[in-house]
Amino acid sequence: FDKPTIYVMDKFHPKVEEYLKEHSNPIFPGDPKHGQWHQKAQYILVRSAHLTVDDVESCPRLLAVGKQGVGTDKIDAAACKKRGIRIFNTPGVNARAVAELVLTLTMATARGVGRIVSRQSEGVLVPKETCKGLILHKRKLGLIGMGNIGKMAAQIFRGAFEATVIAYDPYLPADAWSDLPHERAGIIEDVLRTADVISVHVPLTESTRNLISYEQMKMMKPDAIIINTARGGIVNEADLEVAVREGLIWGAGLDCHEQEPPSKEKYGGLWDLGVVSTPHIGAATDQTQMETGMAAAQKLLAFATG
Ligand code: NAD
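Throughout, a residue's number is its position along its own chain's written sequence, starting from 1. In keeping with the predicted nature of the model, local features appear solely for residues at pLDDT of at least 70, side-chain atom pairs appear and are counted solely at 80 or more, and the whole-chain, interface and lining totals rest on all residues. As a convention, hydrogens and water are excluded, and side-chain values are obtained from all of the structure's heavy atoms.

**Quick notes on the overall build of the chain**
- The helix count covers DSSP runs of H or I at least four residues long, the strand count covers runs of E at least two residues long, and both are numbered beginning at the N terminus. Secondary structure summary: the chain contains 13 helices and 12 strands in total.
- The atom set for the radius of gyration is the C-alpha atoms, and the globule formula is 2.2 Å times the number of residues raised to the power 0.38. Taken over the C-alpha trace, the chain has a radius of gyration of 21 Å; the compact-globule value for 306 residues is 19 Å, and the two agree within 12%.
- Referenced to the eigenvectors of the C-alpha coordinate spread, the extents of the chain come out at roughly 70 × 50 × 30 Å.
- By the burial criterion, 49% of the 306 residues in the chain qualify as buried.
- Working rule for contacts: check all heavy atoms of both residues, and any pair within 4.5 Å makes them a contact. By sequence separation, contacts in the chain at least 24 residues apart represent 62% of the contacts at least 6 residues apart. Between buried and exposed lies partly exposed: a residue is buried under 20% and exposed over 50% of the maximum accessible area for its type, with that area taken using a 1.4 Å probe on protein chains only.

**Considerations on the environment of valine 8**
- With respect to the helices, strands and loops of the structure, valine 8 is situated in strand S1 (residues 5–8).
- Residues valine 8 and valine 113, 105 residues apart in the sequence, show an inter-C-alpha distance of 39 Å.
- In contact with valine 8, other than residues within four places in its own chain, are Leu20, Pro26, Ile27, Phe28, Pro29, His34 and Leu45.

**Observations concerning the site of the ligand**
- By convention in these notes, a residue is near a molecule or strand provided one of its non-hydrogen atoms lies within 4 Å of it. Among the 24 residues in the neighbourhood of the ligand, the closest are listed as Asn148, Ile149, Asp169, Thr229 and Asp255.
- Between N or O atoms, a polar contact is any pair within 3.5 Å; within protein, one atom must be a potential hydrogen donor and the other a potential acceptor, and residues adjacent in sequence are included only when both atoms are from side chains. Measuring from a nitrogen atom of the ligand, one finds a backbone N or O atom of threonine 229 at 2.9 Å.
- The backbone of glycine 282 places a nitrogen or oxygen atom 3.4 Å from an oxygen atom of the ligand.
- A 1.4 Å probe and the Shrake-Rupley method give the accessible areas. Residues count as covered only by the protein chains that appear here. With the chains in place, 86% of the 860 Å² that the ligand exposes on its own is no longer accessible.
- Along the lines of polarity and charge, the residues of the shell around the ligand split into 12 nonpolar, 9 polar and 3 charged. In the scheme used here, Gly and all other residues not listed as nonpolar or charged are polar, with Ala, Val, Leu, Ile, Met, Phe, Trp, Tyr, Cys and Pro taken as nonpolar and Asp, Glu, Lys and Arg as charged.

**Considerations on the layout of surface pockets**
- Cavity means a closed set of points on a 1 Å grid over the protein atoms alone, one where a 1.4 Å probe fits but cannot get out, pocket means an open set with protein on both sides within 12 Å along at least 5 of 7 lines, and lining means a residue has an atom within 4 Å of a point. Grid points are joined across faces, edges and corners, and a volume is the space filled by probe spheres set on the points. Roughly 330 Å³ of internal volume is contained in the second largest pocket.
- Considering the residues around the second largest pocket, the lining is formed by 15 residues, among which Gly114, Arg115, Ser118, Trp271 and Asp272 are closest to the centre.
- Secondary-structure elements contributing two or more residues to the lining of the second largest pocket are helix H6 (113–121), helix H12 (264–272) and strand S12 (276–277).
- Broken down by class, the residue content of the lining of the second largest pocket amounts to 5 nonpolar, 5 polar and 5 charged.

Note that every value here comes from positions in space, so none of it alone points to a role or purpose.
The following block contains the structure:
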């Protein structure tokens, strides 16, 4: 039988491209035939490209979308659902990479590494007397969202710091908690008030936008660290700047920003305050790119070949 034709919307890991060539008829960006994807595509594979409602509506033959990674907020899921177009993402595959970055950002924030390294590279000598750090041993990790990444972060923090864990996730079924050695928070405030490190792992939706704003920051301990590796906008960035400046919390580490990649014009204020910021690199390891790309390609091909 004919191999399915896959319109590939981004650059993928070389091993994924090899796999696609072997098992399908891939049309990569740059191929002259790629320009016809709206009219022709039945199957498309995306990594970070957007698929808007206009795209979906101008694709009469589209049946399924393979998406490398978990977050599908760049794909208009409602438009796909209306047309019965399936979306195959790859939950869990990048959890370890993102959770390791949670640890990295937490440690860098606790010891002021972002501020120190950037000042030194500007040629400023940083006397150690001006560097004040925090110990993380036996601190409490507070998780908002206890899916694949939240669970992995809990495991890593327990191993690294003998941390205790409190988590808030009202959508996780009650029986799922019995396997987890963590305190289950009935309300989000229990996490905000008691945790030393507060890390968000929820999708960005209308109800999670600005989930952590000034009001929530006011409830936190003065030594609290906020980590956002989920999506920009879940932690209110303007409020964060005020909270760090006022000393309401210790600091923050952000991999996800409302504006990406983060520019100095927009984020210089937070950076001056020592907020550690990375340009959405949670899944940016070679191994993770290969594994998540492969998982998306395999799921899409399994569907396409029935
Ligand atoms: P997941 O779907 O496994 O877990 C999300 C959890 O959030 C679920 O258990 C859900 O019940 C819970 N949840 C939803 N709304 C909530 C709310 N209002 N309050 C509390 N809990 C809520 O997803 P995951 O794999 O753990 O990923 C989490 C997020 O991380 C993704 O949605 C994505 O946006 C982000 N992400 C970022 C990167 C990166 O490169 N930085 C990479 C992968 C994923």
